[in-house]
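# Architecture at a glance
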Amino acid sequence: MNGQCSPLPLSRALNHLFSTTAAQCESLLFRCATTNKSLVTTKKLHARCITSELLSNHFLSLLTSAYALCGHVPYACKLFDELPKRTVVAYNGMIQMYVSSGFPRMALEMFEEMHVSGSCLADHYTYPFVVRACGDLALLDLGKMVHGLIVRSGVGVNAFLGNSLLAMYMNCGDRQGAEGVFSDMEEKSVVAWNTMISGNFRNGSAKDALMIFRRMVGSGVGIDSATILSILPTCGYLKDLKAGKEVHKLVEESNVVWSLAVHNALIDMYVKCGRMDEARGVFDGMKKKDVVSWTSMINSYVLSGDAVGALELCRLMISKGVKPSEITLALLLTMCGNSYNLRLGKCLHSWAIRHFIVNDVNVETSLIDLYAKCNSFHLSFRLFSKTCRNRTVPWNAVLSGCLLNNLVTEAVELFKQMLLEGVKLDDATWKSLLPAYAIQANLHQAMNIHCYVIRSGFIRKPDIITGLMDIYSKSGNLLYAHKLFDTLSWKCRDIVSWSVIIAGYGKHGHGDVAISLFKQMVQSGVKPNEVTLTSVLHACGHAGLVDEGFDLFIFMQKNHKQCLRSEHYTCIVDLLGRANRLDKAYEVMKNMPGCDSCPAVWGALLGSCVIHENVELGEVAAKKLFKLEPANTGNYVLMGNIYSAVGRFDDAEKLRLMMDDIGLVKAPASSLIQLR
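This part covers the overall build of the protein chain. Scanning the protein chain from terminus to terminus reveals 39 helices and zero strands. Along the longest, intermediate and shortest principal axes, the C-alpha atoms of the protein chain span 125 × 60 × 55 Å. Burial status across the protein chain gives 46% buried among its 676 residues. The contacts of the protein chain with a sequence gap of at least 6 include a subset with a gap of at least 24, amounting to 59%. When the accessible surface of the protein chain is split by element, carbon and sulfur atoms take 55% of a total near 34,500 Å². In the protein chain, 68 positive and 60 negative side-chain charges are present, and the distance between their average locations comes to 5 Å.

Given below as structure tokens:
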């Protein structure tokens, strides 16, 4: 109608194949080599080329690319190897085939051959798949070199190539590189926005991902299902219910398809935000539910500690004909471990055996963890001995189980066995192992493990650096601990790393340094928690810094009252009491929530009264402790010591008689030394 004829569909064109000219056959073959993925069609065209003797280098190149596009590796490789002269079309087809088939390294080798030969110049069809191969292998330096080649060659960065560069930088963990590419893109497609959102989230920048999503919505770019599936996990991770509800509303108002995946992502988001009711509302409103839907909902009951609700939902799931998956069972086993329900855990173990999923790595790991938490580590180890020995996750679980059961030496020996068997280590391995070395507090072993961490390439991980700091601190080498702390950027210094270095200085009597570090932490914007406060108060106690410790306690009362726990009141009462400020200590106790039911704080006051021979407050503390801990002989002995110190021997004798009447016997003292 407009003077132009659209090309015939390939299937219709093939009906006239054997009456076509060479030019028409070339046109059909070109379509197969660039857009159509039909192995049957490609084979027919190959037969036509053979019978018509159309086997020039050009036709063979097109055939190579056509077979490569279909993913037929043997045919594509054979034709490529027999090419008289390799062309850019053939190279592009082979590179794309290797990347799509999961052989990115071979794709890069093919690109290297193409580049070195100099006979073929890469074009905008070549680079996207080369860039993708770099991303799949996380080869950032090579990816940057390829990016440089793209810029130098003058190949225009279209949407497809730009998206490939974004994905490569994000896969390699270079968010700044991705941001540079993204800002240079003239037209930002929905795919580019989605890549930036998911990439930032995967690289530990959930807040940036949410910010980019809001920029995307504000710029008027239409969202799709991929956008929703990228941003909802971010909201769940941040526990940002407000943002999650905004996304939910946006889905309802937009043309996004309400797929199962979108429903499941909404349930998961509400579960992670602690809104079981709203998660259940989405779940109940679903016309069709899969195993992921049921598992996500069961997870909500597990997280809230509702074992009955989780099991009831699991029974309902089975009655609806949906078989629980390995993940479902692993969640239920985790719930049993957290609630120390060994009996139910054994029932689920039996169910897993009957349904032949006991060898799944998630189920194995959850079972090892369950038995370790339920004081049945012998069962954990028996199960571990039957697992596949080259999988990392069961090793991590049994290492963690050793620590839970105070089997520190066994954990270290297991790690050595892990190395001998060539099992690949990951971040979780170090998180399970490093606390064992910290408990041993052996400087020689600390230096050995530090060297191994450097050689294995894990030293760049902030949480592993923090673990090494803890080992050195407990081994008495604060110099090495502080050097490691200095290697952390200000952004990577989280509350855990600050707490470790503060506790290290505090335990070794450097209270002034601990206080200085605490102030630096607060100034840097990191909010102290209960662990940090305990560490700095202990530091003040060890160094005798009474005024400084009390000032810190007042600071926490005014600015972070929600972090205060009974142990903090115990610390400050002990600090003030040892400095003979018993009246002030008693005043602090009066303002403590739940003071009457806390034996630790009364024990701290009684201990201070013993030091300073204060009978009046000592009697107040002792009477409280006799009610709270009637079987604790130590309290009677301490009060008796106060009476004896001030010459009230009759009262001391009465306490001893009281102990005899109750039937209390003072436990004999003991000491322990360890030879290395």
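Right, let's get into unusual backbone geometry. In this structure, Ala 441 is a non-glycine residue whose phi angle is positive, near 50°. With respect to the element layout, Ala 441 can be found in the loop between helix H26 (427-440) and helix H27 (443-455). The class of Ala 441 is partly exposed, set by a relative accessible area of 24%. At Asn 580, a position not held by glycine, the phi torsion is positive, near 65°. Among the structural elements, Asn 580 can be located in the loop between helix H34 (566-578) and helix H35 (582-590).

Viewed as axis vectors pointing N to C, helix H5 (residues 73-82) and helix H6 (residues 88-100) meet at an angle of 150°, and their least axial separation amounts to 11 Å. Classified by the angle their axes make, H5 and H6 are roughly antiparallel. For the pair H5 and H6, the sense of crossing is left-handed. Residues Val 73, Ala 76, Cys 77 and Phe 80 of H5 form the contact with H6, whose own contacting residues are Ala 90, Tyr 91, Met 94, Met 97 and Tyr 98. The class makeup of the residues in the contact of H5 with H6 is nine nonpolar, no polar and no charged.

Mapped onto the elements, Thr 392 comes out in helix H24 (residues 392-404). In contact with Thr 392, not counting residues within four places along its chain, are Met 418, Val 423, Lys 424, Leu 425, Asp 426 and Thr 429.

It is worth spelling out the packing of aromatic side chains at this point. Taken as a whole, this structure holds 19 aromatic pairs when the rule is applied. Ring geometry for Phe 129 and Phe 160: centres 5.9 Å apart, planes at 70°, overall edge-to-face. Of this pair, Phe 129 sits in helix H8 (residues 127-136) while Phe 160 is found in helix H10 (residues 159-171), placing the two residues 31 residues apart along the sequence. What links up through ring pairs into an aromatic cluster is the set Phe 415, Trp 430, Tyr 452 and Phe 458. Directly above the aromatic system of Phe 283 lies the positively charged group of Lys 289, at a separation of 5.0 Å from the ring centroid. When the ring centre of Phe 485 is taken as origin, the NZ or CZ atom of Arg 493, which lies over that ring, is 4.4 Å away.

All told, the structure shown has 27 salt bridges when counted by the stated rule. Across the salt bridge formed by Asp 574 and Arg 578, the nearest N and O atoms sit 3.0 Å from each other. Remark: Arg 578 and Asp 574 occur in helix H34; sequence separation between them is four residues, near one turn of the helix. Taking relative accessible area as the criterion, Asp 574 reaches 26% and is therefore assigned partly exposed. Between Lys 624 and Asp 596 there is a salt bridge whose closest N-O contact spans 3.3 Å. Taken together, the residues span a long stretch of sequence, with Lys 624 in helix H37 (residues 615-628) and Asp 596 in the loop between H35 and helix H36 (599-612) at a distance of 28 residues.

Further remarks concern the packing of helix H20 (residues 326-338) against helix H22 (residues 361-373). Axis separation between H20 and H22 bottoms out at 9 Å; the angle between their running directions is 10°. As the angle between them shows, H20 and H22 are arranged roughly parallel. Contacts between H20 and H22 involve Glu 326, Ile 327, Leu 329, Ala 330, Leu 333, Thr 334, Cys 336, Gly 337 and Asn 338 from the first element and Asn 362, Val 363, Ser 366, Leu 367, Leu 370 and Lys 373 from the second. Looking at the contact of H20 with H22 residue by residue, the classes come out as eight nonpolar, five polar and two charged.

Together, Leu 443, Met 447, Leu 479 and Tyr 480 make up a nonpolar patch on the protein surface, roughly 330 Å² of accessible area in all. Residue assignment for the nonpolar patch shows that the elements contributing at least two residues are H27 and helix H29 (478-487). Turning to its location among the elements, Met 447 is positioned in helix H27.

This part takes up the state of the cysteines. Applying the stated criterion across every chain yields a total of zero disulfides. Lacking any disulfide linkage, Cys 172 is separated from the closest cysteine sulfur, that of Cys 134, by 7.5 Å.

What follows concerns the nonpolar core. Formed by 201 residues in total, the largest nonpolar core has its most connected members in Tyr 127, Trp 430, Ile 449, Ile 572, Val 601 and Leu 605. Once you skip the residues sitting within four places of it in the chain, Trp 430 turns out to touch Phe 415, Leu 425, Pro 435, Ile 449, Tyr 452, Val 453, Ser 456, Phe 458 and Ile 464.

Given 3.6 residues per helical turn, the α-helix brings residues three or four places apart onto the same face. For H36, built from 14 residues, the straight-helix expectation of 20 Å at 1.5 Å per residue is met to within 8% by its first-to-last C-alpha distance of 20 Å. Those residues of H36 not exposed but buried are Val 601, Trp 602, Ala 604, Leu 605, Leu 606, Ser 608 and Cys 609. On its buried side, H36 packs onto H34, H35, H37 and helix H38 (633-645). Following H36 by one or two positions, Glu 613 adopts a phi angle in the positive range, close to 55°.

Bringing H6 into the picture now. With 13 residues, H6 should cover 18 Å at 1.5 Å per step; its first-to-last C-alpha distance of 18 Å lies within 8% of that length. Listing the buried residues of H6 in full gives Ala 90, Tyr 91, Asn 92, Gly 93, Met 94, Ile 95, Met 97, Tyr 98 and Val 99. Tucked inside the fold, the buried residues of H6 contact helix H4 (57-69), H5, helix H7 (104-117) and H8. Count one or two residues on from H6 and you reach Gly 102, which has phi positive near 85°.

This prediction gives the protein chain a mean pLDDT of 87; 92% of its residues lie at or above 70. Predicted confidence is poor over residues 1-8, with pLDDT under 50, and the contacts of this stretch with residues over four places away or in other chains come to three contacts.

Below, the discussion takes up the environment of His 444. With respect to the secondary-structure elements, His 444 resides in helix H27. Spatially, the C-alpha atom of His 444 lies 40 Å from that of Leu 331, the residues being 113 residues apart in sequence.

Calculation rules
Every chain is numbered on its own, with residues counted from 1 as its sequence reads. Per-residue local features of the predicted model are confined to residues with pLDDT of at least 70, and side-chain atom pairs are confined, for both listing and counting, to 80 or more; whole-chain, interface and lining totals are unaffected and use all residues. Side-chain numbers come from the whole structure's heavy atoms, not from hydrogens or water. Under the scheme used here, helices are H or I runs from DSSP no shorter than 4 residues and strands are E runs no shorter than 2 residues, and both carry numbers assigned from the N terminus. Per-residue accessibility, obtained with a 1.4 Å probe over protein chains only, is compared with the maximum for each type, and a residue is labelled buried under 20%, exposed over 50%, and partly exposed between these values. Contact definition: two residues touch when any of their heavy atoms are within 4.5 Å. Note that accessible areas follow from Shrake-Rupley with a 1.4 Å probe, and for residues the cover is restricted to the protein chains shown. By the counting rule applied here, Lys and Arg register as positive and Asp and Glu as negative, while His and the ends of each chain are not counted. The atoms used to mark charge sites are NZ of Lys, CZ of Arg, CG of Asp and CD of Glu. Axes here refer to lines fitted to C-alpha atoms; in helices the fit is confined to the stretch in contact. Angles between the N-to-C directions go from 0 to 180 degrees. What sets the label is the angle itself: under 35 degrees gives roughly parallel, over 145 gives roughly antiparallel, 65 to 115 gives roughly perpendicular, and the rest give oblique. A crossing counts as left-handed when the near helix is turned anticlockwise from the far one by less than a right angle, and as right-handed when that turn is clockwise. Residues were grouped as follows: Ala, Val, Leu, Ile, Met, Phe, Trp, Tyr, Cys and Pro as nonpolar; Asp, Glu, Lys and Arg as charged; and all remaining residues, including Gly, as polar. Side-chain rings of Phe, Tyr and Trp, where Trp is taken by its six-membered ring, are said to pair if the distance between their centres is within 6.5 Å; with planes under 30 degrees apart they count as stacked, over 60 as edge-to-face, and otherwise as tilted. Only Lys NZ and Arg CZ are tested; either one counts as a charge over a ring when it is within 6 Å of the ring centre and within 35 degrees of the ring normal. For this document, the term salt bridge refers to a Lys or Arg side-chain nitrogen within 4 Å of an Asp or Glu carboxyl oxygen. A patch is a set of surface residues, each over 30% in relative accessible area and not in a salt bridge, joined within 9 Å for like charges and within 5 Å for the nonpolar side chains Val, Leu, Ile, Met, Phe, Trp and Tyr. Any pair of cysteine sulfurs within 2.5 Å is marked as a disulfide. Side-chain atoms within 4.5 Å link the members of a nonpolar core, which is a set of buried Ala, Val, Leu, Ile, Met, Phe, Trp, Tyr and Cys residues. The span expected for a helix works out to 1.5 Å for each residue beyond the first. pLDDT is a residue-level measure of predictor confidence that goes from 0 to 100.

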